[in-house]
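What the coordinates show
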Amino acid sequence: MRFLSIARKTSTLHTFVPARRGFSVSSIVTREFHPTPTDEQGPLVGIRVLDLTRVLAGPYCTMMLGDLGAEIIKIEHPKGDDTRAWGPPYAQSVHDLGDGVEGESAYFLCANRNKKSVTVNMKSEDGQRMLHDLVKKCDVLVENYLPGKLAEMGMGYEQLKEINPKLIYASITGYGQTGPYAKRPGYDVIIEAEAGLMHITGEQDGEPVKVGVAITDLTTGLYTHSAILAALIKRGVSGKGQWIDCSLIESQVASLVNIASNYLIGGREAKRMGTSHPSIVPYQVLPTKDSFVMIGAGNDGQFGKLCRRMGLDSLAEDANYRSNSDRVKNRSKLIGLLTQRLTEEPTEFWLDKLTGAGFPFAPINNIQQTFDHPQLVARGLVQEVEHERVGKIKLVGPPVKYSGFKTDIRLPPPVLGAHTQEVLEQVLGYSTEEIQRLRRTKAVGS
């Protein structure tokens, strides 16, 4: 199997050829009872994932694996993932399930589609034994406990690889498995502060601010997701599993991209610049008569088109603004001239005026306007599903489209423990008597 990568502005083509020919999905899926994907199904059909994660980074990662067809078995404390209690808002119950729960947290619903929920007391011997049985039947385990915590419960990598040598074990932590900060808990906003992101986010003369969503968690989930896919491919060649060590702090620093490179290569310390760009002008949010508009003129040609559409033709030929370097040098004066013209007319005027000009621009949409965006509506990003407790709900679906298969929400975010019986019976093959015993001892939820 070959991978061909073609990037703009380069004449280099990169190929990757695995060490062994004849690679196929069947060489990844090693257990006889798993199905083989058809052309219409997701590529991870037949892959089973044991999900020991909570909150966002880990659940986001496993949700994406589920979108690709993997069976995700989410192990929850009998009280549930922390985010089940993070609200309001809640989707209110329309079906009484007899458990006294009146709704489902919007936060939990956003990151847990295409999963099955099993409630387990991981501190009990029976609970740990049941999890060991599950490990034998899983391809991947994803966890986000403090380093060493799962090993205390007999669920560390070194312990589980003896049970299943082909297991891919992915750990998500704040700081990684080694180093002086390894034992510290990791939180998105703390890492934003500690790893440079908050320092560069906010207005130039204002206080540092966090990004509007938990972007460090999401980035780490994405990195872990791709690492698991790579490990599955590697296992198809080597037949061996491995331990993936992914941290919030390293994922965040890796995401600093050009800001990090500016420091490492040029010794340039970064600073907050609001929505403006340190190396491109104009490339920022600018005020209009009634609101704001984002304008990006990334090269000299685009800047000339912007000036002509705004009726400022002379600026394009002004020696102070002729090249991007000139515009960066004279940023303040140029932004003042553009702002003066933009504030003479409302945003709708400028959106009509700039359409088709050949450079990027956009209004600053709120969340309602975002979901009403005609492009998102046409692409069908939002999907409606039937939830066991709260009825019909709308969720953001998988954002990637594939020509060979369709990514849908096959399973709504699960009710707590909804699949405990199913997994014990159908995956583990436990008898009715054994399941009843586990419930009596509270090793699993009722």
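The paragraphs below set out a description of the structure included in this document. Predicted model, so just to flag it, every value in this text is computed and none were measured.

What follows covers the overall build of the chain. When its secondary structure is counted, the chain shows 18 helices and 15 strands. Taking the principal axes of the C-alpha coordinates as reference, the chain spans close to 85 × 55 × 45 Å. Contacts in the chain between residues at least 24 apart in sequence constitute 67% of all its contacts with a sequence separation of at least 6. For the chain, the exposed area adds up to about 23,600 Å²; of that, 54% sits on carbon and sulfur atoms.

Next up on the list: the state of the cysteines. Enumeration according to the criterion identifies 0 disulfides in this entry. Cys61 provides the cysteine sulfur closest to Cys110, a residue in no disulfide bond, and the two sulfurs are 15 Å apart.

What follows deals with the nonpolar core. Soluble globular proteins tend to pack their nonpolar side chains together in the buried interior. Ranked by internal contacts, the top residues of the largest apolar core, which has 30 residues, are Leu50, Leu52, Ile75, Met122, Met130, Leu134 and Leu141. Taken together, the elements giving at least two residues each to this core come down to β3 (48-52), β4 (71-76), α3 (125-135), α5 (157-163), α17 (420-427) and α18 (432-440). Looking at which element gives the most residues to this core, the answer is α3, with 4 residues. Those residues in contact with Met122, other than ones at most four positions away along the chain, are Leu52, Ile75, Gln128, Leu131, Tyr145, Leu150 and Met153. Grouped together as the second largest cluster of nonpolar side chains are 23 residues, Leu44, Val49, Ile72 and Val140 included.

This part takes up the sheet that holds strand β11 (residues 283-287). Here 3 strands make up an open sheet; going across it, the order is β11-β12-β13 and the pairing antiparallel. Looking at which strands have only one partner, the edges of the open sheet turn out to be β11 and β13 (361-363). Put simply, the sheet's adjacent strands are angled 20 degrees from each other on average, direction ignored. Alignment of strand β12 (residues 292-296) against β13, held across 3 bridges, turns out to be antiparallel. Counterpart to Ile295 in the pairing with β13 is Phe361. Along the sheet, helix α13 (residues 331-342) makes contact with β11 and β12, crossing β11 at roughly 40 degrees. Here helix α14 (residues 347-354) sits on the sheet in contact with β12 and β13, set at roughly 150 degrees to β13.

Should the charged atoms of two oppositely charged side chains come close, the side chains can pair. Applying the stated criterion across every chain, the model contains 21 salt bridges. Here Asp126 ties to Arg437 by a salt bridge, and the two come within 2.8 Å at their closest N and O atoms. Placement of the pair is Asp126 in helix α3 and Arg437 in helix α18, with a sequence separation of 311 residues. The exposure class assigned to Asp126 is buried, which follows from its relative accessible area of 15%.

A word on the sheet that holds strand β8 (residues 140-143). Spatial strand order, β7-β4-β3-β8-β9-β10: 6 strands in an open sheet with parallel pairing. Whereas interior strands pair on both sides, the edge strands pair on one side only; in this sheet they are β7 (116-119) and β10 (242-247). Taking each pair of neighbouring strands and ignoring which way they run, the sheet shows an average axis angle of 20 degrees. Taken together, the 4 bridges between β4 and β7 define a ladder with parallel strand orientation.

A few words on the pairing of strand β14 (residues 382-387). Burial along β14 is one-sided: Gln383, Val385 and His387 are buried, while Val382, Glu384 and Glu386, pointing the other way, are not. For β14 and strand β15 (residues 391-396), the ladder comprises 6 bridges, and the chain directions are antiparallel. Considered in β15, the bridge of Glu384 is made with Lys394. Linking two consecutive strands that pair antiparallel, namely β14 and β15, is a turn of 3 residues.

Turning next to the side chain of Thr288. Along the chain, Thr288 turns up in the loop between β11 and β12. Overall, the relative accessible area of 6% leaves Thr288 in the buried class. A distance of 2.7 Å separates polar atoms of two side chains, one belonging to Thr288 and the other to Thr347. Beyond its immediate chain neighbours, meaning those up to four positions away, Thr288 contacts Val293, Leu342, Thr343, Glu345, Pro346, Thr347 and Trp350.

Every buried residue belonging to α14 is among Thr347, Trp350, Leu351 and Leu354, and all of these are buried. Buried residues in α14, looked at end-on, bunch into an arc of 105 degrees, giving them a common side. What points out from α14, more than 90 degrees from its buried face, is the exposed set Glu348 and Asp352. Where the residues of α14 are buried, they touch β12, α10 (300-309), α13 and β13. Within two residues after α14, Gly356 carries a phi angle of roughly 80 degrees, on the positive side.

Cis rather than trans, the peptide bond between Gly87 and Pro88 has omega equal to 5 degrees. Along the chain, Pro88 turns up in the loop between β4 and β5 (90-92). For the peptide bond that leads from Pro88 to Pro89, omega is 5 degrees, which places it in the cis range. Relative to the helices and strands, Pro89 resides in the loop between β4 and β5.

Here we come to the side chain of Asp188. Inspection of the secondary structure puts Asp188 in helix α6 (residues 188-194). Among buried charged residues, Asp188 stands out as having no salt bridge; its nearest opposite-charge side chain is Lys210, 6.6 Å away. Those residues in contact with Asp188 that sit more than four places away from it in its chain are Ala214, Ile215, Thr216, Asp217 and Leu248.

Reading the values: rules and limits
Residues numbered from 1 in each chain as written. Predicted model: local features only at pLDDT ≥ 70, side-chain atom pairs only at ≥ 80, totals over all residues. Heavy atoms only, no water. Helix = DSSP H or I, 4+ residues; strand = E, 2+ residues; numbered from the N terminus. Contact = heavy atoms within 4.5 Å. Areas by Shrake-Rupley, 256 points an atom, 1.4 Å probe, with all protein chains shown as cover. Disulfide = S-S within 2.5 Å. Core = buried A, V, L, I, M, F, W, Y, C linked by side-chain atoms within 4.5 Å. Buried < 20%, exposed > 50% of the residue type's maximum accessible area, 1.4 Å probe, protein only. Pairing = 2+ DSSP bridges. Axes fitted to C-alpha atoms, helices over the stretch in contact; angles between N-to-C directions. Salt bridge = Lys/Arg side-chain N within 4 Å of Asp/Glu carboxyl O. Polar contact = N/O pair within 3.5 Å; in protein donor to acceptor, adjacent residues only side chain to side chain. Arc of directions from axis to C-beta. Lys, Arg positive; Asp, Glu negative; His and termini not counted.

Functional significance is not addressed by these values, which are geometric in nature.
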